[in-house]
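# Architecture and fold: a report
The residues making up each chain are set out below.
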Amino acid sequence: MDVPGYRVIRELGRCGMATVYLALQESLQRHVALKVMSAELARDADFRGRFLREAQLVARLVHPHIVTVHDFGSAGDLYFLSMEYLPGGTLKERIGRGLPPAQATAILAPVAKALAHAHRQGVVHRDIKPQNIMFRDDGSPVLTDFGIARLLTSDTQLTATGVTIGSPRYMSPEQVMGQPVDGRSDLFSLGIVLYEMLTGTVPWVDTDHPITMALKLCSEPVPPLPAGLARYQGVLDRLVAKQPAERYPDADALAAELQRLAQAEQAAAAADATVLYVPRPTAGRAGERPGRGGRRALLGAAGALVLAGLGAALYLASDRLPDQRETAVSDEAEKKRLEAERLEAERLAAEQKRLEAERLAAEQKRREAEQLAAEQKRIEADRLAAEQ
């Protein structure tokens, strides 16, 4: 395949109307994901328009957790979209390898922020699923594939009335029925993704027929989570409510809830990791072996309870307990505390670096969006000039 300015290295995957390749952008010597439209679909003006529209939509969405578009163009019958290469794989792959439940909130909170940004720009994604959430090298999640996204303010009708478009297992009831959708439809889909992250499978996994799946999505509640995951049930229930009005009002509210849940999980994990000090056992009476005096003292106290009553039992018990208990924190606990402080300092430093990198990436994305808009204007001007 010959795409001017790019050297195709290998295929990365296929989606509904295009194939994605790993390629080298020769001018900048950087790896990119090159999305090339199917030659058959490229002959259809409607699909060409949808492909261009995806490039324009993503170019306007400047956000650290939305994929960056570098370039859009055509060469003969080839129409291509050059995007940021995301080497960390997909969320679907991570779920397949086994994903700890605690990571669900850490991954979905920034995705919710990305959706909030898109919704504020009037863009509904309409195809939220694990395959469309990918990762950079640093592990940060990125929302991708806006191929069937729609502008809420657009008059363009990409699908006929009553026709559904999207991935059936993740679609909202209103999307299944071909009704108008808004950002809350994306939240329902994100709820199904959350269910899959927590359980390793989608709801109604044994249902394959699209009509049966549509009926379940529209009429049956999503199966409850296992008891061990009950702390996520409230968030899930609100995300997958059948009526949009019963879901979170927007993705910002969801992101805030996910962050609160993530903080609670971190606090619980820190509490579980706390080292409790247990005093060393002391010797019993003379002649007893060290370590067994406590057991014999308790047996003696129990016998005294029967023979002499509670007062004598307390006396005997007190006679055998050590006069003082150690209260200092053990050396091992202190070492762990210092290590935890060191790790926290490193984490904060890494977080500062990440935020700075995100700021620089957003600035770079803004500049590239401006360049892409200028290039599109130039192409349109050339086309008009050629027609004249």
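In this report, we go over the structure that sits alongside the text. (Residues numbered from 1 in each chain as written. Predicted model: local features only at pLDDT ≥ 70, side-chain atom pairs only at ≥ 80, totals over all residues. Heavy atoms only, no water.)

### Some points on the overall build of the chain
Put simply, the rule reads: Every helix listed is a DSSP run of H or I at least four residues long, and every strand listed is a run of E at least two residues long, numbered separately from the N terminus. Throughout, exposure labels follow a simple rule: accessible area from a 1.4 Å probe, protein chains only, divided by the maximum for the residue type, with under 20% read as buried, over 50% as exposed, and the rest as partly exposed. In what follows, residue pairs with any heavy atoms lying within 4.5 Å of each other are defined as contacts. Note on areas: Shrake-Rupley, 1.4 Å probe, and residue coverage restricted to the protein chains presented here.
Looking only at helices and strands, the chain has twelve helices and nine strands in total. Across the 388 residues that make up the chain, the buried fraction comes to 39%. For the chain, restricting intrachain contacts to residue pairs at least 6 apart in sequence, the fraction spanning at least 24 positions comes to 61%. Element-wise, carbon and sulfur atoms account for 55% of the exposed surface of the chain, whose accessible area totals about 21,700 Å².

### Here we look at the packing of aromatic side chains
For clarity, the threshold we go by: Working definition: rings of Phe, Tyr and Trp (its six-membered ring) pair if their centres are within 6.5 Å, and the pair is stacked with planes under 30 degrees apart, edge-to-face with planes over 60 apart, and tilted otherwise. A ring is scored as having a charge over it whenever the NZ atom of a lysine or the CZ atom of an arginine sits within 6 Å of its centre and within 35 degrees of its normal.
Counted by the stated rule, this structure contains two aromatic pairs. A ring pair is formed by Y6 and F80, whose centres lie 5.7 Å apart and whose planes are at 70°; its orientation type is edge-to-face. With Y6 in strand β1 (residues 6-14) and F80 in strand β5 (residues 78-84), this residue pair connects regions lying 74 residues apart in the sequence. On the accessibility criterion, Y6 (7% relative accessible area) is buried. In this structure F80 comes out as buried when scored by relative accessible area, which is 6%. With 6.0 Å between their ring centres and 55° between their planes, F51 and F72 make a pair best called tilted. Of this pair, F51 sits in helix α2 (residues 45-60) while F72 is found in strand β4 (residues 69-75), placing the two residues 21 residues apart along the sequence. Residue F72 is classed as buried on the basis of its relative accessible area, which comes to 12%. Here the guanidinium or amino end of R94 rests over the ring plane of F135, the centre of that ring lying 3.7 Å away. Sitting above the plane of the Y248 ring, R238 keeps its charged end 4.4 Å from the centroid.

Such coordinate-based values are descriptive only and should not be taken to indicate function.
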